[in-house]
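Okay, here's what each chain looks like letter by letter:
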Amino acid sequence: IVKFREEDEEQEIRIRAQGDRIEIRQKGIGALTHFPVSVNPQTGELTVTTSSGVKVVTILPSVAVANILESNLMDKIPAARSLASPEPTESSEPEEDEREMEEEVVNGEAEQEIELVEGDGTLVFKIGGVKNVKFLNLIPLEAPVEALVSAQTGETLSVSRPWFLDLLGFLFVQ
């Protein structure tokens with residue numbers, strides 16, 4: 001586990017290995033990646049080495065999730081369930097954190113993951129979630145939605161949702 005604090009904003013970012021992947025976690029929300037991650041100790045700059053070169057991560061997972069929720073593209077992001085729960089304290093043991101994470105997966109709360117991937121030469125967060133809609137304003141449904149958010153600008157690059165919401169959108173109330 002590597003922890004560092006950004007001086008200007010007083011926020012803690014944790015980087016740790018999760019099997020064959022690396023997790024970048026801030027404010028209880030983490031993103032997993034297969035790319036090597038490094039931190040410049042002088043500037044606090046977080047970089048990821050991809051197949052197309054070194055990329056700077058300026059938007060963190062918690063900011064990407066907050067942007068998606070604020071834009072109303074999704075109503076629920078299962079992998080970000082911990083957004084409402086506090087960050088573990090300094091005294092908490094890493095084994096406890098891992099057990100809590102395993103419990104979340106067993107209970108089905110974190111079946112989808114937030115991933116930091118490369119798409120079209122850009123570093124993006126791949127975020128899966130749910131949009132609540134009502135069919136004919138009567139029957140509530142949860143539609144799966146996936147968004148790609150730039151890890152460099154925070155811009156939502158693409159959103160994919162079920163075909164029936166696009167084709168028959170007039171039958172659904174959001």
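Rules and cut-offs
- Residues numbered from 1 in each chain as written.
- Predicted model: local features only at pLDDT ≥ 70, side-chain atom pairs only at ≥ 80, totals over all residues.
- Heavy atoms only, no water.
- Helix = DSSP H or I, 4+ residues; strand = E, 2+ residues; numbered from the N terminus.
- Pairing = 2+ DSSP bridges.
- Axes fitted to C-alpha atoms, helices over the stretch in contact; angles between N-to-C directions.
- Core = buried A, V, L, I, M, F, W, Y, C linked by side-chain atoms within 4.5 Å.
- Buried < 20%, exposed > 50% of the residue type's maximum accessible area, 1.4 Å probe, protein only.
- Contact = heavy atoms within 4.5 Å.
- Lys, Arg positive; Asp, Glu negative; His and termini not counted.
- Salt bridge = Lys/Arg side-chain N within 4 Å of Asp/Glu carboxyl O.
- Polar contact = N/O pair within 3.5 Å; in protein donor to acceptor, adjacent residues only side chain to side chain.
- Phe/Tyr/Trp six-rings, centres within 6.5 Å; stacked < 30°, edge-to-face > 60°.

Q: Account for the environment of Lys126, with residues named and values stated.
A: The topology assignment puts Lys126 in strand β9 (residues 122-135). As for Lys126 and Ser150, which are separated by 24 residues in sequence, their C-alpha atoms are 9.1 Å apart.

Q: Please provide a residue-by-residue account of the sheet that holds strand β7 (residues 53-57), values included.
A: Taken in spatial order, the 3 strands of this open sheet run β5-β6-β7, and their pairing is antiparallel. Bordering the open sheet on either side are β5 (37-39) and β7, each of which pairs with just one other strand. On average, each strand axis in the sheet is tilted by 30 degrees relative to the strand beside it, whichever way the strands run. Looking at chain direction, strand β6 (residues 46-50) and β7 are connected through 5 bridges and run antiparallel. Counterpart to Leu46 in the pairing with β7 is Val57.

Q: I'd love a proper account of the nonpolar core, names of residues and values included.
A: The biggest cluster of nonpolar side chains holds 26 residues, and the ones touching the most others in it are Val57, Ile114, Leu116, Phe125 and Ile127. Breaking this core down by element, the ones donating at least two residues are β2 (11-18), β4 (29-33), β6, α1 (61-70), β9 and β10 (139-150). Ignoring anything within four residues of it in the chain, the contact list for Ile127 reads Ala64, Val65, Ile68, Met74, Ile77, Ile114, Val145, Glu146, Ala147 and Val149.

Q: Can you tell me about the pairing of strand β8 (residues 115-119), naming the residues and giving the values?
A: As judged from the 5 bridges shared by β8 and β9, these two strands associate in the antiparallel manner. What sits directly across from Val117, in β9, is Val124. Where β8 folds back on β9, the antiparallel hairpin that results is connected by 2 residues, among which Asp120 adopts a positive phi of roughly 55 degrees.

Q: Just give me the short version of unusual backbone geometry, but keep the residues and values in it.
A: Residue Asp120 is not a glycine yet carries a positive backbone phi of 55 degrees. In this fold, Asp120 is placed in the loop between β8 and β9. Here Asp120 falls in the exposed class, since its relative accessible area comes to 82%. At Asn137, a residue that is not glycine, the phi angle is positive and equals roughly 60 degrees. With respect to the secondary-structure elements, Asn137 resides in the loop between β9 and β10.

Q: Pulling in residues and values, what's your account of the side chain of Lys55?
A: Within the secondary structure, Lys55 sits in strand β7. One buried charged residue, Lys55, forms no salt bridge at all, with the nearest opposite charge on Glu118 at 4.6 Å. In this structure the side chain of Lys55 is engaged in a polar contact, spanning 2.8 Å, whose partner is the backbone oxygen of Gly121.

Q: Which residues make up the pairing of β4, and what are the values?
A: Within β4, 5 of the 5 residues are buried, leaving the element largely enclosed by the surrounding structure. Side chains Ile29, Ala31 and Thr33 project from β4 onto one buried face, and the interleaved Gly30 and Leu32 project onto a second face that is buried too. Of the strand pairs in this sheet, strand β3 (residues 21-26) and β4 are connected by 5 bridges, and their pairing is antiparallel. Within β4, the position partnered with Ile22 by the bridge is Thr33. Once β3 ends, the chain turns through 2 residues before running back antiparallel as β4, passing Lys27 with a positive phi of about 55 degrees.

Q: A description of the side chain of Thr50 should follow, citing residues and the corresponding values.
A: Tracing the backbone shows Thr50 in strand β6. Only 3.3 Å separates the side chain of Thr50 from the side chain of Glu118, close enough to count as a polar contact. Sequence-distant contacts of Thr50, defined by excluding residues within four places in its chain, comprise Phe35, Lys55, Glu118 and Leu123.

Q: I'd love a proper account of the packing of aromatic side chains, names of residues and values included.
A: Tallied over the entire structure, the rule returns 1 aromatic pair. Seen in terms of ring centroids, Trp163 and Phe164 are 6.0 Å apart; in terms of plane orientation they differ by 85 degrees. Their pairing is edge-to-face. The exposure class assigned to Phe164 is partly exposed, which follows from its relative accessible area of 24%.

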